[in-house]
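Analysis of the macromolecular model
Letter by letter, the chains look like this.
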Amino acid sequence: AVASDYPGLKEAAVSLATPQLRNVGTVGGNLCQRPRCWYYRDPQVVCRKKGGFNCYAFQGRNKYHAIFGGSGCFIVYPSDLAPALISLGARATIGTAKGDKVVALEVFYALPETDVTRENVLAKGQFLKSVKVPAPKAGQKSSYVKLKERGTWDFALASAAVAGVTKGGVLSEIAVVMGGVAPVPWRLKKAENVLRGKPVSEALIREAADAALKDASPLRENGYKTDLVFAALKRAVMAIAA
């Protein structure tokens, strides 16, 4: 059913980790995982995310770090499922002591400027209870493209989740969410505005990527990710426009 109704979600799920890890992992664990930044993971480094004053990636080694939304902390959010689910309009149920509350999965995540010590809106004593995806609309297609350094298991250098309603090669509805490029799953709304309602072509996708990349601020070692944004976007959009 997932493969038939949400092919992009299937592509994201089979791209993450290894079969052994997928067999013991959970959706909630994947959506709530912590960042992989080597400064954050180093027990001898007290970065901003651990209560310090500096993001050492900003002027340090930052090959794998964010080009969007850094704002004092340049981690990238590592989940493959999150961009795919957000592109499909998924909603998350948060369990609290006062009862459940439902939010769009897109707003479940929070940028460092909100709280640099966290990546999501969960408060103490709250947990991610469930995630629901709406039924697909007539003509809806989805895809997920993951660009990584190794052919075997690896995290995304950049990924693109695209979901939309197509008719005659025109996207009447479209959602584009990138992974591996920001501290949260990054919605490319400027790209969506360029792509919506027009015949899909490589030139149009280039225009959409250029519009989105106006918000990018690459660091010293990760400027290559701007090319990956276009490459992932092109492959993902072409897949649903075919």
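First, a word on what this report is: a plain description of the structure on this page. (Residues numbered from 1 in each chain as written. Predicted model: local features only at pLDDT ≥ 70, side-chain atom pairs only at ≥ 80, totals over all residues. Heavy atoms only, no water.)

What follows is about the side chain of E119. Residue position: E119 is located in the loop between α7 (105-108) and β3 (127-132). Residue classification places E119 among the buried positions, given a relative accessible area of 4%. When sequence neighbours within four positions are dropped, the list of residues in contact with E119 reads Q33, R34, P35, K49, I75, Y109, A110 and V184. (Helix = DSSP H or I, 4+ residues; strand = E, 2+ residues; numbered from the N terminus. Buried < 20%, exposed > 50% of the residue type's maximum accessible area, 1.4 Å probe, protein only. Contact = heavy atoms within 4.5 Å.)

To continue, consider the layout of surface pockets. Space inside the largest pocket adds up to approximately 330 Å³. Around the largest pocket sit 18 residues that line it, and L16, A17, L21, G25 and N30 are the ones nearest its centre. Elements represented by at least two residues in the lining of the largest pocket include exactly α3 (19-24) and α4 (27-31). Looking at the lining of the largest pocket element by element, the count peaks at three residues for α4. Of the residues belonging to the lining of the largest pocket, the class tally is nine nonpolar, five polar and four charged. A volume near 240 Å³ is recorded for the second largest pocket. The wall of the second largest pocket is formed by 14 residues, among which S87, L88, K137, Q140 and E173 lie closest to the centre. Here the lining of the second largest pocket is built from residues that sort into seven nonpolar, four polar and three charged. (1 Å grid on protein atoms, 1.4 Å probe; cavity = no way out; pocket = protein on both sides within 12 Å on 5 of 7 lines; lining within 4 Å. Points joined across faces, edges and corners; volume = space filled by probe spheres on them. Nonpolar A, V, L, I, M, F, W, Y, C, P; charged D, E, K, R; others polar.)

With that out of the way, let us pick up the pattern of salt bridges. A full pass over the atoms with the stated rule returns 16 salt bridges. In this structure, the salt-bridge partner of K49 is E119, at a minimum N-O distance of 2.6 Å. Placement of the pair is K49 in the loop between α5 (38-41) and α6 (81-87) and E119 in the loop between α7 and β3, with a sequence separation of 70 residues. E119 shares its class with K49; the two are buried. The salt bridge involving R206 is made with D210; its shortest N-O contact spans 3.0 Å. Within this pair, R206 and its partner D210 are both found in helix α9 (residues 202-213), separated by four residues, close to a single helical turn. By relative accessible area, which is 31% here, R206 ends up partly exposed. Among the ionic contacts, a cluster of salt bridges with common partners joins E106, R187, E192 and R196. (Salt bridge = Lys/Arg side-chain N within 4 Å of Asp/Glu carboxyl O.)

This paragraph deals with helix α10 (residues 225-241). In this model, α10 (17 residues) spans 24 Å end to end at C-alpha, consistent with the 24 Å of a helix rising 1.5 Å per residue. Within α10, the full set of buried residues consists of K225, T226, L228, V229, F230, A232, L233, A236, V237, I240 and A241. Looking at the buried residues of α10, the elements they touch are β4 (140-148), β5 (156-167), β6 (170-179), α8 (189-195) and α9. (Expected span 1.5 Å × (residues − 1).)

Judged by pairing direction, the sheet is antiparallel, and its four strands sit side by side in the order β4-β5-β6-β7 without closing on themselves. If you trace the sheet from one side to the other, it starts and ends with β4 and β7 (186-187), each paired once. Pairing geometry for β4 and β5, over nine bridges, is antiparallel. Residue pairing for β5: K141 is matched across the bridge by G164. In the packing of α10 onto the sheet, the strands contacted are β4, β5 and β6, and the crossing angle to β5 comes to about 30 degrees. (Pairing = 2+ DSSP bridges. Axes fitted to C-alpha atoms, helices over the stretch in contact; angles between N-to-C directions.)

With 64 residues, the main nonpolar core has L31, F68, L105, Y109, V181, L188 and L195 as its most contacted residues. Residue contributions to this core peak at nine residues, all from α10. In contact with F68, other than residues within four places in its own chain, are V181, A182, P183, W186, L188, A212, L213, D215, A216 and V229. In terms of nonpolar packing, the next biggest core, distinct from the first, is built from 14 residues, C37, A66, F74 and I75 among them. (Core = buried A, V, L, I, M, F, W, Y, C linked by side-chain atoms within 4.5 Å.)

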